[in-house]
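# Breakdown of the fold
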Amino acid sequence: MAADLKLDAGLSASYLNEHDGTFRIYRYPKCARADDYFAMEAHTDSSVLSIVNQDDVGGLQVLRGGGWSCVEPIADTLIVNLGDIMQAISDDQYKSVEHRVRVNRSKERISLCYFGFPMEDGVISSSRYREFTYREFKEQVQEDIKLSGAKVGLRRFRVNDES
Ligand SMILES: O=C(O)CCC(=O)C(=O)O
Ligand SMILES: [Fe+2]
């Protein structure tokens, strides 16, 4: 992808530095009222990319063509989701995928997720968004969640978007 986007070595290192990743383990308990709740509400990741290792229970869904598609578990297979920063550095060529996790009625689900983040103070340059650092992006996301209860994300930084 770095080659496709013609990023030089310096930019590749700043956007996807091997020291700027977070690893999370999730346990989603089973729930009899699986139709009433989401295990994780719809969102995009703030990462460059996210790598998910899900077990065989399923529940991850991605928004595709206006509808939600299930990401069926495939043994020994990782899922790579693109995040907001990849969308920005690719000038919207690659899209940050909206996804959510459904609750399972009878089985708990375990997933292992790795999030690759850019360097905190590396400047993200794009023709579609004003220049920002990942630190700024993260702080803005937190502020929006605090004020309105929801992430606004990249739209905040879009050139010519006052919302
Ligand atoms: O557990 C999963 O499969 C996805 C988790 C996720 O989307 C997230 O942590 O951002
Ligand atoms: Fe996510």
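Residues numbered from 1 in each chain as written. Chains lettered and ligands numbered in written order. Predicted model: local features only at pLDDT ≥ 70, side-chain atom pairs only at ≥ 80, totals over all residues. Heavy atoms only, no water.

The chain is annotated in an unreviewed UniProt entry as 2OG-Fe(II) oxygenase superfamily of Musa troglodytarum.

### Some points on the sheet that holds strand 3 (residues 49-54)
Taken in spatial order, the 4 strands make up an open sheet running 1-8-3-6, and their pairing is antiparallel. What marks the edges here is a single partner per strand, and that holds for strand 1 (21-28) and strand 6 (79-82). For this sheet, the mean inter-axis angle between neighbouring strands, taken without regard to orientation, is 20 degrees. (Pairing = 2+ DSSP bridges. Helix = DSSP H or I, 4+ residues; strand = E, 2+ residues; numbered from the N terminus. Axes fitted to C-alpha atoms, helices over the stretch in contact; angles between N-to-C directions.)

### So, the packing of aromatic side chains
Applying the stated rule across the entire model yields 7 aromatic pairs. Centroid distance Phe-132 to Phe-157: 4.6 Å. Interplanar angle 40 degrees. Geometry classified as tilted. One end of the pair, Phe-132, is in strand 10 (residues 132-133); the other, Phe-157, is in the segment after helix 3 (134-148), and 25 residues separate them in sequence. You can call Phe-132 buried: its relative accessible area is 1%. Clustering of aromatic rings is evident, with ring pairs tying together Phe-115, Phe-117, Phe-132, Tyr-134, Phe-137 and Phe-157. Here the guanidinium or amino end of Arg-24 rests over the ring plane of Phe-115, the centre of that ring lying 4.7 Å away. (Phe/Tyr/Trp six-rings, centres within 6.5 Å; stacked < 30°, edge-to-face > 60°. Buried < 20%, exposed > 50% of the residue type's maximum accessible area, 1.4 Å probe, protein only. Lys NZ or Arg CZ within 6 Å of the ring centre and 35° of its normal.)

### Observations regarding the layout of surface pockets
Within this model, the largest pocket holds a volume of roughly 550 Å³. Listed by contribution, the elements that provide at least two residues to the lining of the largest pocket are strand 1, strand 2 (38-43), strand 3, strand 7 (99-102), strand 8 (109-116) and helix 3. Among the elements that line the lining of the largest pocket, the one with the most residues is helix 3, at 5 residues. Across the lining of the largest pocket, the residue classes break down as 13 nonpolar, 9 polar and 6 charged. Volume-wise, the second largest pocket comes out at about 290 Å³. In this structure, the second largest pocket is lined by 13 residues; those nearest its centre are His-43, Thr-44, Asp-84, Glu-98 and Val-152. Taken together, the residues of the lining of the second largest pocket break down into 3 nonpolar, 5 polar and 5 charged. (1 Å grid on protein atoms, 1.4 Å probe; cavity = no way out; pocket = protein on both sides within 12 Å on 5 of 7 lines; lining within 4 Å. Points joined across faces, edges and corners; volume = space filled by probe spheres on them. Nonpolar A, V, L, I, M, F, W, Y, C, P; charged D, E, K, R; others polar.)

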